Amino acid sequence: MECFVAVGEHGSIAGAAAALMLSPSAITGALNELERAFNSQLTIRRKAHGVSLTPSGQYVLSQARGLLHAATDLEVMAADAGNALRGRVVIGCYSSLAPTLLTELMAEYGSRHPNVELDFFAGTQQEIHEKLLSGELDLAIAYELTVPPGLARKRLRDAVPAVVLPADHRLATQEKVALAELVDEPMILLDVNPSRENTEMMFSSEGLVPWIRFRTTDFEVTRSMVARGMGYAILVQRPVADVSYEGRPVAVRPIHPAMRHVPISMVWSKGVRLSRSAKAMLELAVELHRR
């Protein structure tokens, strides 16, 4: 079953063999034995075209990951009668959330469960969703917007969009800022989803079309450009200090009228049974955001 999962994830017998450090013939033999045991064709094997899964194979793949997680749990618990968590947890995080939410969670989890091997991935929402569905990640922290079918979620908290202005901007002294007051000014758009989608939706709901002067794909580059007076930005995540990487100040103001909150959730694949170690990560994330 481990060989079958590796073939499903790598798309070829050669890739699975390299990942598991086995011979291609051993992988082929394992696939044949599994198909014989299930009395069903799970794979379509074509020379030079890799391996694709039949509908039955796709179903078995989704269930096999959960069974392998459970087997790993049983093995590591047997070593110390289940008294301490062991194993491995790989967590993902949307890149702009990682510096604050992910680091706190990993540090606290590592302190409580030192025998669990931790690893992480920070990237775009699309990358995170793909890695969750492929089984490369156990869990991920992401905005709840655009979560595809096949993923379960647990809301951690809500974030509130705000306007980020140069410190000496004419609106920086106001308590709140309306989007209509900014529409003719240059915007620096964080051009990655769901940030882009959320910003566009905010303006369209007010019947406005912003002047997008610059586009970036990096949260801190966006803030640095604002701090240098190159435009304003709409951002959801807010660091503790209202300064850029260069130490230049920015002014963060609420939007008036208030925009809808953006939920931040822990997300995981419905097709994978979470291991005890992964469940502990989920429970800790909920605990930290209830404080």
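Structural notes, computed from the coordinates.

Rules of the game
Residues numbered from 1 in each chain as written. Predicted model: local features only at pLDDT ≥ 70, side-chain atom pairs only at ≥ 80, totals over all residues. Heavy atoms only, no water. Pairing = 2+ DSSP bridges. Helix = DSSP H or I, 4+ residues; strand = E, 2+ residues; numbered from the N terminus. Right-handed = clockwise from strand over helix to strand, strands pointing away. Buried < 20%, exposed > 50% of the residue type's maximum accessible area, 1.4 Å probe, protein only. Arc of directions from axis to C-beta. Contact = heavy atoms within 4.5 Å. Axes fitted to C-alpha atoms, helices over the stretch in contact; angles between N-to-C directions. Parallel < 35°, antiparallel > 145°, perpendicular 65-115°, else oblique. Left-handed = near helix turned anticlockwise from the far one by under 90°. Salt bridge = Lys/Arg side-chain N within 4 Å of Asp/Glu carboxyl O. 1 Å grid on protein atoms, 1.4 Å probe; cavity = no way out; pocket = protein on both sides within 12 Å on 5 of 7 lines; lining within 4 Å. Points joined across faces, edges and corners; volume = space filled by probe spheres on them. Nonpolar A, V, L, I, M, F, W, Y, C, P; charged D, E, K, R; others polar. Core = buried A, V, L, I, M, F, W, Y, C linked by side-chain atoms within 4.5 Å.

Details of the pairing of strand β9 (residues 211–216)
Part 1 of the reasoning: Sheet analysis places strand β8 (residues 186–190) next to β9, joined by five bridges and oriented parallel. Bridged to Pro186 within β9 is Trp211.
Part 2 of the reasoning: With helix α7 (residues 195–205) bridging β8 and its parallel neighbour β9, the resulting β-α-β unit is right-handed.

With respect to helix α6 (residues 125–134)
Since the α-helix advances by 3.6 residues per turn, residues separated by three or four positions end up pointing in the same direction.
Part 1 of the reasoning: Listing the buried residues of α6 in full gives Gln125, Ile128, His129 and Leu132. Projected onto a plane normal to the axis of α6, the buried residues spread over an arc of 100° and lie on a single side.
Part 2 of the reasoning: Where α6 is buried, its residues meet β3 (87–94), β4 (116–123), β5 (139–143), β6 (151–159) and β12 (262–269).

Let's talk about the packing of helix α5 (residues 98–112) against helix α9 (residues 276–288)
Part 1 of the reasoning: Close contact between α5 and α9 brings their axes to 10 Å; oriented N to C, the two are set at 120°. By the angle class used here, α5 and α9 are oblique. For the pair α5 and α9, the crossing hand works out as right-handed. Two secondary-structure elements touch here, α5 through Glu104, Leu105, Glu108, Tyr109 and Arg112 and α9 through Ser277, Ala280, Met281, Leu284, Ala285, Glu287 and Leu288.

Brief notes about the pattern of salt bridges
Part 1 of the reasoning: One pass over the full model with this rule turns up 17 salt bridges.
Part 2 of the reasoning: Glu33 is the partner of Arg36 in a salt bridge, and the nearest nitrogen-oxygen pair spans 2.8 Å. Here the residue Arg36 and the residue Glu33 both occupy positions in helix α3 (residues 24–38), the gap between them amounting to three residues, near one helical turn.
Part 3 of the reasoning: Take Arg36: its relative accessible area is 57%, and that puts it in the exposed class.
Part 4 of the reasoning: In this structure, Arg153 engages Glu144 in a salt bridge whose closest nitrogen and oxygen atoms are separated by 3.8 Å.
Part 5 of the reasoning: We classify Arg153 as partly exposed; its relative accessible area is 38%.

Considering empty space enclosed by the protein
Part 1 of the reasoning: Under the defined criterion, the tally for this structure stands at two cavities of 30 Å³ or more.
Part 2 of the reasoning: When its volume is computed, the largest cavity comes out at roughly 140 Å³.
Part 3 of the reasoning: Of all elements in the fold, only α7 and β10 (233–235) reach the threshold of two or more residues within the lining of the largest cavity.
Part 4 of the reasoning: Element by element, the count of residues in the lining of the largest cavity is highest for α7, at four residues.
Part 5 of the reasoning: For the lining of the largest cavity, the residue count by class is 12 nonpolar, five polar and no charged.
Part 6 of the reasoning: Every residue along the wall of the second largest cavity is listed here: Arg65, His69, Leu132, Gly135, Leu137, Asp138, Ser269, Val272 and Leu274.

Remarks on the sheet that holds β4
Part 1 of the reasoning: With respect to topology, five strands assemble into an open sheet ordered β4-β3-β5-β12-β6, the strand pairing being mixed. Edge strands, defined here as strands with exactly one partner in the open sheet, are β4 and β6. Averaged over neighbouring strand pairs, the angle between their axes works out to 20° when direction is ignored.
Part 2 of the reasoning: Bridge count for β3 against β4 is eight bridges, and the pairing is parallel. Residue pairing for β4: Tyr94 is matched across the bridge by Gly123.

Quick word on the nonpolar core
Part 1 of the reasoning: Membership of the largest hydrophobic core comes to 56 residues, with the highest contact counts inside it found for Ile91, Leu105, Ile141 and Met266.
Part 2 of the reasoning: Per element, the largest residue contribution to this core is eight residues, and it comes from α9.
Part 3 of the reasoning: The contact partners of Met266, leaving out residues within four places of it in the chain, are Ile91, Leu105, Leu139, Ala140, Ile141, Ala152, Arg153, Lys154, Leu156, Met281, Leu282 and Ala285.
Part 4 of the reasoning: Ranked by size, the runner-up nonpolar core spans 18 residues in total, among them Ala172, Leu179, Ala251 and Met259.

Quick notes on the layout of surface pockets
Part 1 of the reasoning: Computed from the structure, the largest pocket encloses a volume of approximately 710 Å³.
Part 2 of the reasoning: What lines the largest pocket is a set of 26 residues, and nearest its centre among them are Leu68, His69, Thr72, Arg88 and Gly135.
Part 3 of the reasoning: Contributing elements (two or more residues each) for the lining of the largest pocket: α1 (2–10), α2 (13–20), α4 (55–79) and β3.
Part 4 of the reasoning: Take the lining of the largest pocket: its biggest share by element is eight residues, from α4.
Part 5 of the reasoning: By residue class, the composition of the lining of the largest pocket is 10 nonpolar, seven polar and nine charged.
Part 6 of the reasoning: For the second largest pocket, the calculated volume is near 190 Å³.

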